Amino acid sequence: MATEKVFPMTLAGKEKLEQELEMLKTVKRKEVVERIKIARSFGDLSENSEYDSAKEEQAFVEGRITTLENMIRNAKIIEESELTTDAVSLGRTVTFVELPDGDEESYTIVGSAEADPFEGKISNDSPIAKSLMGKKVGDEVSVQTPGGEMSVRITSIK
């Protein structure tokens with residue numbers, strides 16, 4: 001039997017997934033069922049785009065519910081007490097500057113389940129995070145990105 005993927009995440013990240021799951025189960029599911037019911041009332045289902053759209057949304061919602069349940073069931077909470085501030089690790093915020101004279105950037109390294117680059121949270125599976133993991137303040141690191149290679153210097157770890 002294949003082993004389930006473990007999803008490392010913060011407690012806040014798990015709570016956010018639980019809230020999304022609850023909303024999908026209690027609100028979104030009912031909305032989609034109602035849309036299907038209304039679309040059925042339009043008659044012939046073979047040419048009913050409203051019905052097709054509602055069924056597609058239902059499939060998406062049910063798929064997302066299954067995904068969230070799996071992530072929550074296989075969550076591994078990153079304990080604050082387990083984290084070290086002397087090296088880049090999961091759950092830490094790392095600040096670095098692109099060399100030779102780039103801007104300073106900060107990212108929190110989280111599990112893939114709670115990654116959100118727009119909120120400054122990058123997945124531990126991302127090229128940047130993989131390159132930075134285990135490195136210390138002052139280290140210069142070469143990072144392979146889809147846009148090419150870049151060099152950075154770590155300025156702080158929190």
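Everything in this summary refers to the structure shown in the same document. (Residues numbered from 1 in each chain as written. Predicted model: local features only at pLDDT ≥ 70, side-chain atom pairs only at ≥ 80, totals over all residues. Heavy atoms only, no water.)

### Points about helix 1 (residues 11-40)
So, step 1. Its 30 residues give helix 1 an end-to-end C-alpha distance of 42 Å, which sits within 8% of 44 Å, the value for a rise of 1.5 Å per residue.
So, step 2. Approximately 40° is the largest bend angle found in helix 1, and it occurs at Leu24.
So, step 3. Among all positions of helix 1, only Gly13, Leu17, Leu21, Leu24, Val32, Ile36 and Ala39 are buried.
So, step 4. Buried residues along helix 1 sit against strand 1 (7-9) and helix 2 (49-73). (Helix = DSSP H or I, 4+ residues; strand = E, 2+ residues; numbered from the N terminus. Expected span 1.5 Å × (residues − 1). Bend = angle between axes of the 7 residues up to and from the residue. Buried < 20%, exposed > 50% of the residue type's maximum accessible area, 1.4 Å probe, protein only. Contact = heavy atoms within 4.5 Å.)

### What to know about helix 2
Residues three or four positions apart in an α-helix share a direction because the helix packs 3.6 residues into each turn.
So, step 1. Between its terminal C-alpha atoms helix 2 stretches 36 Å, which fits the 36 Å expected from 25 residues at 1.5 Å a residue.
So, step 2. What helix 2 keeps buried is the set Tyr51, Ala54, Val61, Ile65, Leu68, Met71 and Ile72.
So, step 3. Packed against the buried residues of helix 2 are strand 1, helix 1 and strand 2 (75-77).
So, step 4. Sitting at the amino-terminal end of helix 2 is Asn48, which places a side-chain oxygen 3.2 Å from the backbone nitrogen of Glu50. (Polar contact = N/O pair within 3.5 Å; in protein donor to acceptor, adjacent residues only side chain to side chain.)

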